[in-house]
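The primary structure of each chain is shown beneath.
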Amino acid sequence: MKISEDMVNKHGLRFKESAVIFDENEPADQMYLILSGKVGIHKKVKEAFKLLIELKEGDMFGEMALVDRKPRSARAIAKTDVLLFAITESVFYNLIQTNPSFSLKMVKMLSSRLRETNQTIASLLKGDRKNIVTSALITFAQTRGEQEDGQYKVHLAAFMKWAILRVGLEHADLVSAINLLVKDKMVEQPKNDPSHIMIRDTFFKYTLDQ
């Protein structure tokens, strides 16, 4: 897709380094092609924004808002001074219908973006695995645990099988997180019965206060 100087003058947008190009949940009516500079795409996780991907000259972003007509799903920030070319919805669909090379670029970009995003999400999950496993343990204990003297008794193998299907962590990550909980004395794994873990009522109160 060739961009003439006249087109840049008409549809070009400049942003200074660190400027917010668009924010998560904002309404959207255009996507962008990066003519120069770098842009970071960030997603809010709890109270902080995490970098999902960094884009460079020649990359496009913001296209999903035109495809599904929903608000922005992430925040875009100028990593450097950037020059962008804005593509409106009408121009976008015209290019899809009349420009095979543009359509192919879009398909390749979306496929690559999805793969990179999945890898990033997996990394984020692993980085926060202790909290994720804590939350999963609470749910499992309350629905499938056995109450004994003010504690919940959880069968470890049953929990692992259940959690693998629900929280997106692998077996090794679950084991590591549970070992951390045992080490921090948030849960107890009896030496005479290592196939179970015991969860005190205080565990639920502690996690709710975090």
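Refer to the structure presented above.
Rules used throughout
- Residues numbered from 1 in each chain as written.
- Predicted model: local features only at pLDDT ≥ 70, side-chain atom pairs only at ≥ 80, totals over all residues.
- Heavy atoms only, no water.
- Core = buried A, V, L, I, M, F, W, Y, C linked by side-chain atoms within 4.5 Å.
- Buried < 20%, exposed > 50% of the residue type's maximum accessible area, 1.4 Å probe, protein only.
- Helix = DSSP H or I, 4+ residues; strand = E, 2+ residues; numbered from the N terminus.
- Pairing = 2+ DSSP bridges.
- Contact = heavy atoms within 4.5 Å.
- Axes fitted to C-alpha atoms, helices over the stretch in contact; angles between N-to-C directions.
- Phe/Tyr/Trp six-rings, centres within 6.5 Å; stacked < 30°, edge-to-face > 60°.
- Salt bridge = Lys/Arg side-chain N within 4 Å of Asp/Glu carboxyl O.

Enquirer: Is there a simple way to explain the nonpolar core in this structure?
Expert: Across soluble globular proteins, nonpolar side chains show a tendency to be buried alongside one another. By size, the foremost hydrophobic cluster in this structure holds 25 residues, and its most contacted members are Val 133, Leu 137, Val 154, Phe 159 and Ile 199. Mapped by element, the contributors of at least two residues to this core are α5 (129-144), β10 (151-155), α6 (156-166), α7 (171-183) and β11 (196-200). Membership of the second largest hydrophobic core comes to 16 residues, among which are Phe 15, Ile 21, Leu 55 and Ala 76.

Enquirer: Explain the sheet that holds strand β8 (residues 82-88) here, please?
Expert: Within a sheet, adjacent strands bond to each other through the backbone by hydrogen bonds, running parallel or antiparallel. Taken in spatial order, the 4 strands line up as β1-β8-β3-β6 in an open sheet, and their pairing is antiparallel. In the strand order of this sheet, the two ends are held by β1 (12-15) and β6 (60-61), each with one partner. Looking at chain direction, β1 and β8 are connected through 4 bridges and run antiparallel. Residue pairing across strands places Leu 13 opposite Leu 84, the latter belonging to β8. Lying on the sheet, helix α3 (residues 89-98) is in contact with β3 (30-36) and β8; it crosses β8 at an angle near 80 degrees.

Enquirer: I would appreciate a short explanation of the packing of aromatic side chains in the present structure.
Expert: Centre distance and the angle of the planes are the two values used to describe a pair of aromatic rings. One pass over the structure, following the stated rule, counts 7 aromatic pairs. Measuring from centroid to centroid gives 5.1 Å for Phe 92 and Tyr 93, while their planes differ by 75 degrees, and the two rings are edge-to-face. Here Tyr 93 falls in the partly exposed class, since its relative accessible area comes to 29%. Among the aromatic residues, those joined into a cluster by ring pairs are Phe 22, Tyr 32 and Phe 61.

Enquirer: Just checking my understanding: could you explain the environment of Phe 159 for this structure?
Expert: With respect to the secondary-structure elements, Phe 159 resides in helix α6. Taking the C-alpha atoms as reference points, Phe 159 and Ile 197, 38 residues apart in sequence, are found 9.9 Å from one another. Phe 159 has contacts with Val 133, Ala 136, Leu 137, Phe 140, Val 154 and Ile 178, leaving out every residue within four places of it along the chain.

Enquirer: How should the pairing of strand β7 (residues 75-78) be read in this particular structure?
Expert: Walk down a regular strand and you will see the side chains alternate between the two sheet faces. Residues Arg 75 and Ile 77 of β7 are buried on one face, and the alternating residues Ala 76 and Ala 78, pointing to the opposite face, are buried as well. Sheet topology places strand β2 (residues 20-22) next to β7; 2 bridges connect them, and they run antiparallel. Looking at β7, one finds that Val 20 is bridged to Ile 77. For strand β4 (residues 39-45) and β7, the ladder comprises 4 bridges, and the chain directions are antiparallel.

Enquirer: What exactly am I supposed to notice about the pairing of strand β5 (residues 48-55) here?
Expert: In the sheet, β4 pairs with β5 via 7 bridges, with the strands oriented antiparallel. Looking at the pairing, Lys 43 lines up with Lys 50 of β5. Taken together, β4 and the strand that follows it, β5, pair antiparallel across an intervening segment of 2 residues, in which Lys 46 is found at a positive phi of about 60 degrees.

Enquirer: Where do I start with the pattern of salt bridges in this structure?
Expert: Side chains carrying opposite charge are able to pair once their charged atoms draw close together. One pass over the structure, following the stated rule, counts 4 salt bridges. One salt bridge in this structure joins Lys 43 and Glu 24, with 3.2 Å as the shortest N-O distance. Linking Lys 43 in strand β4 with Glu 24 in the loop between β2 and β3, this pair joins segments that are 19 residues apart in sequence. Residue Glu 24 is classed as buried on the basis of its relative accessible area of 18%.

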